[in-house]
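Here is what each chain is made of, one letter per residue.
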Amino acid sequence: QVQLVESGGGLVQAGGSLRLYCAASGGTFSDYAMGWFRQAPGKEREIVAAISGSGGSVYYPNSVKGRFTISRDNSKNTVYLQMNSLKPEDTASYYCAARRGSWRTAVGTYDQWGQGTQVTVSS
């Protein structure tokens, strides 16, 4: 099983950018599809991006499409989330997650989770 550690969160003004990092250890990283999720206070956790083990297939919901980019470097066991044109509604705790096989969009289909990193976008 992989262990996941996120970093890169912080406070940014609306319209700004942040890059999140998720470092994996303890498994064969390329065997895992990866997802980035977020959860705002009082709301359900939702997916914001997913990527296949090879990096050749990605997914974004409409809410972030064109603003967020997921990528991975399997040589560094790291997945990234580049977030541009940030909005106050992007404020949330962001989590990376891993699952064997293909990426999925449902929270419950991911087996391993990081501890989360906070992103706050001020207006």
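Below or above, wherever it landed, is the structure these notes cover. (Residues numbered from 1 in each chain as written. Predicted model: local features only at pLDDT ≥ 70, side-chain atom pairs only at ≥ 80, totals over all residues. Heavy atoms only, no water.)

### Notes on the nonpolar core
Inside soluble globular proteins, nonpolar side chains tend to come together where they are buried.
Part 1: One finds Met 34, Trp 36, Leu 81, Met 83 and Tyr 94 to be the most contacted residues of the largest nonpolar core, which totals 29 residues.
Part 2: Among the elements of the structure, β3 (18-25), β4 (32-39), β5 (46-51), β7 (68-73), β8 (78-83), β9 (92-100) and β11 (117-122) are those that each provide at least two residues to this core.
Part 3: Beyond its immediate chain neighbours, meaning those up to four positions away, Tyr 94 contacts Glu 6, Leu 20, Trp 36, Phe 37, Arg 38, Val 48, Phe 68, Leu 81, Met 83, Gly 116, Thr 117 and Val 119.
Part 4: Counting residues in each nonpolar core, the second largest holds five residues, with Phe 37, Ile 47, Ala 50 and Tyr 110 among its members. (Core = buried A, V, L, I, M, F, W, Y, C linked by side-chain atoms within 4.5 Å. Buried < 20%, exposed > 50% of the residue type's maximum accessible area, 1.4 Å probe, protein only. Helix = DSSP H or I, 4+ residues; strand = E, 2+ residues; numbered from the N terminus. Contact = heavy atoms within 4.5 Å.)

### Some details on the pairing of β9
Part 1: Counted residue by residue, β9 has seven buried out of nine residues, so it is predominantly covered.
Part 2: As defined by bridge partners, β4 adjoins β9 across eight bridges and the pair is classed as antiparallel. The residue bridging Tyr 32 from the neighbouring strand is Arg 100, located in β9.
Part 3: Sheet analysis places β9 next to β11, joined by three bridges and oriented antiparallel. Within β11, the residue paired with Ser 93 across the bridge is Gln 118.
Part 4: Two strands pair when backbone bridges link them, and β9 and strand β10 (residues 112-113) are joined in this way by two bridges, in the antiparallel orientation. Its bridge partner being in β10, Ala 97 is matched across the sheet by Trp 113. (Pairing = 2+ DSSP bridges.)

### Quick word on unusual backbone geometry
Part 1: In this structure, Asn 77 takes a positive phi of about 50 degrees despite not being glycine.
Part 2: Here Asn 77 shows up in the loop between β7 and β8.
Part 3: Within the chain, Ser 85 stands out as a residue other than glycine whose phi angle is a positive 50 degrees.
Part 4: Residue placement: Ser 85 occurs in the loop between β8 and β9.
Part 5: Looking at Ser 85, the relative accessible area reads 42%, which means it is partly exposed.

### Structural notes on the packing of aromatic side chains
Part 1: Inspection of the entire model under this criterion finds five aromatic pairs.
Part 2: Considering the side-chain rings of Phe 37 and Trp 113, the 4.9 Å spacing of their centres and the 55 degrees angle between planes classify their relative orientation as tilted. Of this pair, Phe 37 sits in strand β4 while Trp 113 sits in strand β10, and the two are 76 residues apart along the sequence.
Part 3: By relative accessible area, which is 26% here, Trp 113 ends up partly exposed.
Part 4: Taken together, Phe 37, Tyr 110 and Trp 113 form an aromatic cluster joined through their ring pairs. (Phe/Tyr/Trp six-rings, centres within 6.5 Å; stacked < 30°, edge-to-face > 60°.)

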